[in-house]
Amino acid sequence: MRYNERELLSLSRQPAEKAAEILMRAPKKGSVLKKRLVKLVVNFLFYFRTDEAEPIGALLLEHCRIHQEESNVFSIGFLEEPDRKYYFECDTAEQCQEWIEVLRRASYEFMRSSLVFYRNEIQKMTGKDPLEQYGISEEARFQLGVGKL
């Protein structure tokens, strides 16, 4: 994926939807768990050394699977490379569940599915397409029957 490093750095400084210092292991061979500041901003999961202000990496949470490995451990794997997983160890099972839930809601696919679902619900209740009032052309609208939750 192509990205602008300055824009990504700027995004990493925005307020986080969730942030915590947790243990993380990258998919590199021989990698060990290391304490990292992990910060979710929109659909990017940034990770930092605990004593540095700039991120050492970022994961774009698209086309990925978030899986609970143990009660306090979850992983993030990407569909293009299912064998490569990032592991995160939380202090508690509750913290792990919170991370899993917020990460699953962070993807564009989830937001799009939610938009389509609520658009359909509003249309059923009112008989009108809620996007029509904003002048969104028929071609630009999401398909009504696609991607229901």
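Residues numbered from 1 in each chain as written. Predicted model: local features only at pLDDT ≥ 70, side-chain atom pairs only at ≥ 80, totals over all residues. Heavy atoms only, no water.

(A) Geometry of the overall build of the protein chain. Secondary structure summary: the protein chain contains three helices and seven strands in total. The linear arrangement of helices and strands in the protein chain, starting from the amino end, is α-β-β-β-β-β-β-β-α-α. Residues classed as buried in the protein chain amount to 33% of the 149 residues present. Restricting the contact set of the protein chain to residue pairs at least 6 apart, pairs at least 24 apart contribute 44%. (Helix = DSSP H or I, 4+ residues; strand = E, 2+ residues; numbered from the N terminus. Buried < 20%, exposed > 50% of the residue type's maximum accessible area, 1.4 Å probe, protein only. Contact = heavy atoms within 4.5 Å.)

(B) Region of interest: the pairing of strand β2 (residues 34-41). As paired elements, strand β1 (residues 18-25) and β2 share seven bridges and run antiparallel to each other. Pairing of Glu21 across the sheet is with Leu37, part of β2. Direction of pairing for β2 relative to strand β3 (residues 44-49): antiparallel, over a ladder of six bridges. Residue pairing across strands places Leu40 opposite Leu45, the latter belonging to β3. The loop that links β2 with its antiparallel partner β3 comprises two residues; one of these, Val42, has a positive phi angle of about 55 degrees. (Pairing = 2+ DSSP bridges.)

(C) View of unusual backbone geometry. If you check the backbone angles, Val42 has positive phi at about 55 degrees while not being a glycine. One can find Val42 in the loop between β2 and β3. For Val42, a relative accessible area of 43% puts it in the partly exposed group. Positive phi is not limited to glycine here, since His63 has a value of about 50 degrees. Counting through the fold element by element, His63 comes out in the loop between β4 (57-60) and β5 (64-70).

(D) Local environment of the packing of aromatic side chains. On inspection of all chains with the given rule, the structure shows four aromatic pairs. Between Phe74 and Phe88, the aromatic rings sit 4.9 Å apart at their centres with planes inclined by 15 degrees, giving stacked as the arrangement. With a gap of 14 residues between them, Phe74 in strand β6 (residues 73-78) and Phe88 in strand β7 (residues 81-89) connect regions that are remote in the sequence. Like Phe88, Phe74 is buried. When the centroid spacing of 5.0 Å and the interplanar angle of 80 degrees are considered together, the rings of Phe117 and Tyr118 count as edge-to-face. Taking relative accessible area as the criterion, Phe117 reaches 26% and is therefore assigned partly exposed. Overall, Tyr118 belongs to the exposed group, its relative accessible area being 52%. It is Lys18 that lies over the ring of Trp99; its NZ or CZ is 5.3 Å from the centre. (Phe/Tyr/Trp six-rings, centres within 6.5 Å; stacked < 30°, edge-to-face > 60°. Lys NZ or Arg CZ within 6 Å of the ring centre and 35° of its normal.)

(E) Quick look at the nonpolar core. Leu45, Phe74, Ile76, Phe88, Trp99 and Leu103 are the most contacted members of the largest nonpolar core, which has 22 residues in total. Elements with a minimum of two residues in this core: β1, β2, β3, β6, β7 and α2 (93-104). Here this core takes five residues from α2, the largest share from any one element. Every residue in contact with Ile76, bar those within four places of it in the chain, is listed here: Leu45, Leu59, Leu61, Cys64, Arg65, Ile66, Arg84, Lys85, Tyr86, Phe88 and Leu103. Grouped together as the second largest cluster of nonpolar side chains are five residues, Leu8, Val41, Phe44 and Phe46 included. (Core = buried A, V, L, I, M, F, W, Y, C linked by side-chain atoms within 4.5 Å.)

(F) Representation of the environment of Ala58 within the structure. Along the chain, Ala58 falls in strand β4. Counting along the chain gives 46 residues from Ala58 to Ser12, while the straight-line C-alpha distance between them is 8.8 Å. Apart from the residues within four sequence positions on either side, Ala58 is in contact with Phe44, Leu45, Phe46 and Tyr47.

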